[in-house]
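Reading the structure
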Amino acid sequence: MYAVNYAKPASVADAVAALSAAEDGKFLAGGMTLIPTLKQRLAAPSDLVDLGAIGELQGIGTDGDALVIGAMTTHADVARSPLVASAIPALVTVAGGIGDPQVRNVGTLGGSIANNDPAADYPGALLGLGAEVRTNSRTIAADDFFLGMFETALEDGELIVSVRFPKPLAAAYAKFANPASRYSMAGVFVARTASGVRVAVTGAAAGGAHRMETMEKALQADFSPAALDPITVNPNGLNSDLHGSAAYRANLVKVMAKRAVAACG
Amino acid sequence: MTADGIGVAVRRKEDRRFLTGAGRYTDDIDRYGQVYACFVRSPYAHATVDSINKESALGMPGVLAVFTGADVAADGLGLLPAGWMIHNKDGSPMKTPGHPLLVADRARYVGEAVAVVIAETYAQARDAADALEVDYTPLPATIATGTASKPGQPQVHDDVPNNTAFDWCIGDKAATEAAFANAAHITKLDIVNNRLIPNAMEPRAAVGEYDPGTEITTLYTTSQNPHVARLVLSAFVQLAPEHKLRIVAPDVGGGFGSKIYVYAEETVCAWAARKVKRPVRWTAERSESFVTDAHGRDHVTHAELAMDANGKFLGLRVKTFANLGAFASLFGTATPTYLYMTLLSGQYKIPAIYGEVDAVYTNTTPVDAYRGAGRPEATFVVERIVETAARELGLDPADLRRRNFIQPDEFPYQTPVLLQYDTGDYDKHLTKALDLGDYANFTIRKADSAARGKLRGVGFACYIEACGIAPSAAVGALGGGVGLWESGTIRFNPTGNVTVHTGSHSHGQGHETAFAQLIATHLGVPVDQVEVVHGDTMQTPFGMGTYGSRSLAVGGSALVKAADKIVAKGKKIAAHLLEASEADIEFTDGKFTVAGTDKAKSIQEVAFAAYVPHNYPAGVEPGLEESAFYDPLNFTFPAGTQICEVEVDPDTGEVEIVQFVAVDDFGKIINPMIVEGQVHGGIAQGVGQALMEHAVYDQDTGQLLSGSYMDYCMPRADDFPTLKVGLTETPCTHNPLGVKGCGEAGAIAAPAAVMNAVTNAVGTMVQMPATPLRVWEALQSAAPAAAAE
């Protein structure tokens, strides 16, 4: 790790100001990706602005029918929240299946989606639920937020404050975890909403989380696992590494999609 | 007095400090004025080092020195040797170029240390190491085990043609060929024993220190065998004369064989401390551990088993390519030969066996002993081919094994591959395992799995291992560079408690408890009155260290001999104190008694008299301290049965272990809780090898692809059901404790048991590790057959 300036502001305004004053600063959320990257000297920011002391980024609340989860809420807090369990239990599955207990106790919703690792779980959930990302300056629809591997619509210095998850009629997440890292090799989030069925896949494609329109159409017509049987997932563009070929991942996407549909009940 | 002696599940004494963070590991040792080493490592699998511009690092903040291979050579330091001489089929010696401490002119694996930077802080050393300018010319690399010896492969060492360190054989080739000529059925198998990375929880570490007053060099380090390290560093590397070199291996957080090897980095720290006149320390980052800790296994094997019409084994022939990595390490040459093919007889009567090993160099991390060291590889060959034969013949795997077991009345049994088994009862543990696993109702469970869409399979492994290594004369005859006896000293203190000094080393095995229990039984001193000291060459008698499940069988036996000497001397003293004849003194439960009377002196009273000899027998030396060295008469032969049941998800290829049974015959048991813990840990490592762990190299560049926990999959607690373990007992016939050793059995047997179960479930061959990807791919290719079943 290289030497780095460190600040721990107490408000969103101070955090944004600290970052804009820095030569090459980074927000530090849970640090589950950033800290190992720094330790391996793969990144050398001038400043770290730790978001851990900002109360307005914490907590889980409601906005009408929707859930609003603060950006610095840990995966563990989401996984054990009775509010989340009653409103959108699929989010309990998502948060409770990330990494291991140590990661879940430190890693955060905001950190996960800002980083947009192509194998992270939350981006699929946001896309699947049609969530909105609320930043210090605007609201961004999930469909417009994730731009590709490690890329988002966030501007320089823009800070995620919370995510608003509309309550679906039913939703479920089925994930096949990488045996080593427990990142998603194929995670499929399926939601039935008032405006239609949404299917999002994470982990399988190099570009990261994305919607599966063919599956959405099939399920719109017949919301059952069997409705997905005729669909062939195209392995082109899917990741291939020592844990799984593109063909294997294509298979996993379909298997996980069917399981998610079945879990919607 | 022996409430906590042999056979009692005493809680481990050492666990309080380990669990409360009070353990003292090498990295916890701080020395006044210490500075930090950071190694510059080759980014290439194979490259010449054309120039190193020291000035690029020397001017940086805090930097004291930059050393290269030239500096090490200029000081006359030698190369790290292989510890075991192997001869080729034609009688000529193996070719084993030594491992340089720092690369002289050519790097031969990714991560090999090219230079070291010493600085005031680690961050400064790291900055300067990053800045050091090294010019390389990359060369083509040889990586794959199975093809390294083919003509035309890049040469790892110029003077080792075809990258072949040796071609070695064992057994009777002609008799084996004759057996195959008469066979009614021949089973053939091609298997890969995957390369593993040891992943001890504590990474390697070193603190080197030089005292100009005494001229003693001290190296605190993560070693399983500090005396052997001292011997190697004195006799071969010329680091310092043996009496001026002290090795201290304090608490060590796991070794699994990887801390047997004497490594370049630790040696450089000790040498550099003299050069910069400051203590020099280094602790491996996990990334360094992945590429520099000696790896394990890495065999490619073809095996054939000949049987008569009744399934009686007639002959076994095996050809293995064993990957040594870029250099032959300490046990690197013994592991794929004498520790491997001598076990090819398994638990069976096989009249003729012939085995061949081609050991090859590749541009990969050196391979050395890893939990089981050769014996897991042997068990994997024997138990995979026996199970495959049973399935081919339509026999129950248990039945085929029973037809061929060596029977209890046939011991001692001379195998065709050197070893003579002393004792065993193989049907006994097989039968107990079948009962524990309710094998009779397997088909019901299989049907239940099928109803849930899962493929259930069952697999056996009836393993045998040669432990308690080893009789020194045999070791010498087979090419070992040392004797493999062990030592121990028992020192009564004047106030009656005991300090035990052992030449073996504990890095997780629980010696402080097990050895204390041994003292409790043999001398009647409670466990909490016994302190076990190990790991410091200045405090302990010369010993050979801990590996090969040898510490209790060999080191424990040395302590029994020392205890016998204590009792013999104590009888003389007690006889004097009790005014009786020495011949009338009996010793039980810590008391010397005049036979047939109630006149007695406790061993503590005798010890006090020995140190305060105011009233003392003439001609007897004061003090109560005895040492013993024990050279075993034979290997010990732990054996047992594991039965694994798996469920395979055909949609994803995931394998779940749904039942795991292990019944072991370790001879006499000192502490059943420690034994159970060793069995559990061994099984976890064996399952890790079978289903998850794999050191994967890019076949062109030689980069380690699974070089972090993001890609190298370790077993986790939730990968296991509750293990069903049991014991049978045939005491070892030739050591005073009747013990055999238990540290490796789980890892030796589990890969075969798991892979037999996976094969049974999938219906076709899968190589280790049976990852979801591989199992799914196997199911795709086997889909028609699976459907037919």
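Residues numbered from 1 in each chain as written. Chains lettered and ligands numbered in written order. Predicted model: local features only at pLDDT ≥ 70, side-chain atom pairs only at ≥ 80, totals over all residues.

The next subject is the environment of Tyr122 of chain B. All names here are of chain B. Secondary-structure assignment places Tyr122 in helix H4 (residues 122-131). Taking the number of C-beta atoms within 10 Å as the measure of exposure, Tyr122 has 17 and is therefore partly exposed. Separated by 161 residues in the primary sequence, Tyr122 and Thr283 have C-alpha atoms spaced 9.8 Å apart. Excluding residues that lie within four positions of it along the chain, Tyr122 makes contacts with Tyr36 and Cys38. (Helix = DSSP H or I, 4+ residues; strand = E, 2+ residues; numbered from the N terminus. Buried ≥ 20, exposed ≤ 12 C-beta atoms within 10 Å, placed from the backbone. Contact = placed C-beta atoms within 7 Å.)

A separate point is the sheet that holds strand E4 (residues 106-107) of chain B. All names here are of chain B. Taken together, three strands build an open sheet; the order of strands is E4-E2-E6 and the sheet is antiparallel. Of all strands in the sheet, those bounded by a partner on one side alone are E4 and strand E6 (133-138). Here six bridges tie strand E2 (residues 47-53) to E6, and the two strands are oriented antiparallel to one another. The partner of Ala47 across the bridge, within E6, is Pro138. (Pairing = 2+ DSSP bridges.)

A few words now on unusual backbone geometry. Residues apart from glycine generally show negative phi values, whereas peptide bonds are mostly found in trans. Cis peptide bonds are those with omega within 30 degrees of zero, and the linkage from Ile469 of chain B to Ala470 of chain B qualifies with -10 degrees. Residue Pro769 of chain B is bonded to the preceding Met768 of chain B through a cis peptide linkage, with omega at -10 degrees. Along the chain, the position of Pro769 of chain B falls in the loop between helix H18 (745-762) and helix H19 (772-781). Unusually for a residue other than glycine, Arg182 of chain A sits at a positive phi of about 65 degrees. Backbone geometry places Ala373 of chain B, a non-glycine residue, at a positive phi of 45 degrees.

One key point about sheets: their strands pair by backbone hydrogen bonds, in either a parallel or an antiparallel sense. All names here are of chain B. Overall, mixed pairing links the seven strands, which are arranged E3-E5-E1-E12-E9-E10-E11 in an open sheet. Two strands bound the open sheet, and with one partner strand each, they are strand E3 (63-68) and strand E11 (245-248). Ignoring strand direction, the axes of neighbouring strands in this sheet form an average angle of 20 degrees. Here six bridges tie strand E9 (residues 205-211) to strand E10 (residues 216-221), and the two strands are oriented antiparallel to one another. Residue pairing across strands places Ala206 opposite Thr221, the latter belonging to E10. Each of strand E1 (35-41), E3 and strand E5 (113-119) is contacted by H4, which is oriented at about 25 degrees to E1, the strand it contacts most. (Axes fitted to C-alpha atoms, helices over the stretch in contact; angles between N-to-C directions.)

All names here are of chain B. Their axes nearest at 10 Å, the elements helix H14 (residues 511-523) and helix H15 (residues 551-577) cross at an angle of 35 degrees. In this structure, H14 meets H15 at a crossing whose hand is right-handed. Between H14, through His511, Ala514, Phe515, Leu518, Ile519, His522 and Leu523, and H15, the contact on the second element is made entirely by Ser551, Leu552, Gly556, Leu559, Val560, Ala563 and Ile566. A breakdown of the residues in the contact of H14 with H15 according to their chemical character gives 10 nonpolar, four polar and no charged. (Left-handed = near helix turned anticlockwise from the far one by under 90°. Nonpolar A, V, L, I, M, F, W, Y, C, P; charged D, E, K, R; others polar.)

With that out of the way, let us pick up the domain arrangement of chain A. All names here are of chain A. According to the domain assignment, chain A consists of domain 1 (5-50) and domain 2 (59-264). Placing a centre on the C-alpha atoms of domain 1 and another on those of domain 2 gives a separation of 26 Å. Listed by partner, the interface residues are 10 residues for domain 1 and 14 residues for domain 2. Among the elements that make up the side of domain 1 that touches domain 2, the one with the highest residue count is helix H1 (residues 12-21) (five residues). Of the residues in the side of domain 1 that touches domain 2, the class split is seven nonpolar, three polar and no charged. (Domains from an automatic or database assignment.)

Residues and elements named next belong to chain B. The buried fraction of E9 amounts to six of the seven residues, a majority that puts the element mostly inside the structure. Here E9 runs beside strand E12 (residues 280-283); their pairing, made up of four bridges, is antiparallel. Considered in E12, the bridge of Val207 is made with Arg281. Here E9 folds back onto E10, and the loop between the two strands holds four residues, one of which, Glu215, carries a positive phi near 60 degrees.

As a further point, take the interface of chain A and chain B. Tallying the contact residues gives 12 residues for chain A and 15 residues for chain B. In terms of residues, the side of chain A that touches chain B owes the most to one element, helix H11 (residues 246-264) of chain A, which gives four residues. For the side of chain A that touches chain B, the per-class residue count stands at seven nonpolar, five polar and no charged.

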